[in-house]
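So the chains spell out like this:
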Amino acid sequence: MSEKKTPKQANTGDRAARAERRFDAAMGAIADAFYAVDADWQIVVFNAAAERYFGFPAGEVLQRNLWEIFPQGRGRPYEEMCRKAKEEGERSTLAMPSALRPGRSVEITFAPWDDGMCVAITDITDRMSKEAQVSQLMREVNHRSKNLLAVVQAVARQTAAKSPKDFVSSFEQRLLALAKAQDLLIKGEWRHVALEDLVRAELGHFAALIGRRIILTGPDLAVTPAAAQSLGMAFHE
């Protein structure tokens with residue numbers, strides 16, 4: 001004859017069941033592959049993302065020893081970080097190319113889990129690509145800024161040598177001419193500038209005369225960034 005549960009015991013059981021369902025739902029919603037082991041290195045959690053990443057169902061690994069499932073991790077940084085998380089409570093990360101997904105990179109996070117430890121695997125390929133792009137852009141900006149400052153310095157020297165009395169006015173006008181060329185370079189993504197656009201920009205003060213006293217004709221030509229800066233200054237002069 002089975003023992004009848006008291007209301008308190010029934011409520012406790014219901015709360016435990018609800019907590020387990022919430023936990024399972026949370027694990028299923030996590031995009032990162034996630035698994036955890038207990039004090040004896042038995043796998044106790046293996047979420048849906050881990051199933052997709054490793055290619056086998058949770059039922060094949062739950063309650064089995066971690067090193068039986070992942071023997072290739074023995075004697076490598078993976079084992080060291082697992083042990084530090086489990087035995088010393090140390091959290092650490094390891095970024096590396098994915099062994100299961102060629103061309104992709106992952107970040108493996110090791111952390112304490114109750115009396116065991118857990119592992120989360122995050123695909124960081126896109127993040128690394130964006131970081132590389134930002135780094136490349138920063139190097140490009142630095143390079144172009146140095147070039148632009150060199151041009152400004154040269155303009156300042158030439159202006160001071162030719163017209164020291166009207167230096168400020170002349171220098172400002174030449175900087176404006178240079179700025180117009182820069183605007184067109186940015187519009188062309190620093191690849192090229194249409195020669196006609198450059199001429200029209202530098203002759204903006206004479207826009208009313210273009211087509212009457214100033215005739216622009218010829219084939220469509222594009223010039224390089226360096227040429228655009230030099231020609232822009234020449235058209236201004």
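Residues numbered from 1 in each chain as written. Predicted model: local features only at pLDDT ≥ 70, side-chain atom pairs only at ≥ 80, totals over all residues. Heavy atoms only, no water.

*Asks:* Got a minute to help me understand the environment of Asp126 in this structure?
*Replies:* Inspection of the secondary structure assignment puts Asp126 in helix H5 (residues 125–162). With 22 residues separating them along the chain, Asp126 and Arg104 place their C-alpha atoms 8.7 Å apart. (Helix = DSSP H or I, 4+ residues; strand = E, 2+ residues; numbered from the N terminus.)

*Asks:* When you look at the nonpolar core in this model, what are you seeing that I'm missing?
*Replies:* One broad rule of soluble globular proteins: the nonpolar side chains tend to lie buried together. If you look at the biggest cluster of nonpolar residues, it comprises 26 residues, and the most contacted ones within it are Tyr35, Leu66, Cys82, Phe110 and Ile121. Among the elements of the structure, strand S1 (33–37), strand S2 (43–46), helix H2 (48–54), helix H3 (66–69), helix H4 (77–88), strand S4 (105–113) and strand S5 (116–123) are those that each provide at least two residues to this core. Ranked by residue count, the leading element in this core is H4, at 4 residues. One finds Met27, Phe34, Cys118 and Ala120 within the second-largest nonpolar core, a separate group that totals 7 residues. (Core = buried A, V, L, I, M, F, W, Y, C linked by side-chain atoms within 4.5 Å. Buried < 20%, exposed > 50% of the residue type's maximum accessible area, 1.4 Å probe, protein only.)

*Asks:* Sorry if this is basic, but what is going on with the side chain of Asn47 here?
*Replies:* The topology assignment puts Asn47 in the loop between S2 and H2. Side-chain polar atoms of Asn47 contact the backbone oxygen of Asp32, separated by 3.0 Å. (Polar contact = N/O pair within 3.5 Å; in protein donor to acceptor, adjacent residues only side chain to side chain.)

*Asks:* Whenever I open this one, the layout of surface pockets confuses me. Can you help?
*Replies:* Remark: the empty space left among the atoms is shown by a probe the size of a water molecule rolled over them. Volume-wise, the largest pocket comes out at about 460 Å³. Forming the walls of the largest pocket are 19 residues, and the residues nearest its centre are Gln72, Tyr78, Met96, Ala99 and Ile108. Put simply, the parts of the chain that give the lining of the largest pocket at least two residues each are H2, H4, strand S3 (92–97) and S4. The dominant element in the lining of the largest pocket, judged by the number of residues it contributes, is S3, at 3 residues. (1 Å grid on protein atoms, 1.4 Å probe; cavity = no way out; pocket = protein on both sides within 12 Å on 5 of 7 lines; lining within 4 Å. Points joined across faces, edges and corners; volume = space filled by probe spheres on them.)

*Asks:* Teacher, can you tell me more about the side chain of Thr125 here?
*Replies:* As for its placement among the helices and strands, Thr125 is situated in helix H5. Given the relative accessible area of 15%, Thr125 is considered buried. Reaching out from Thr125, the side chain makes a polar contact with the side chain of Asp123 at a distance of 2.8 Å. Excluding anything up to four places from it in sequence, Thr125 contacts Gly103, Arg104 and Ser105. (Contact = heavy atoms within 4.5 Å.)

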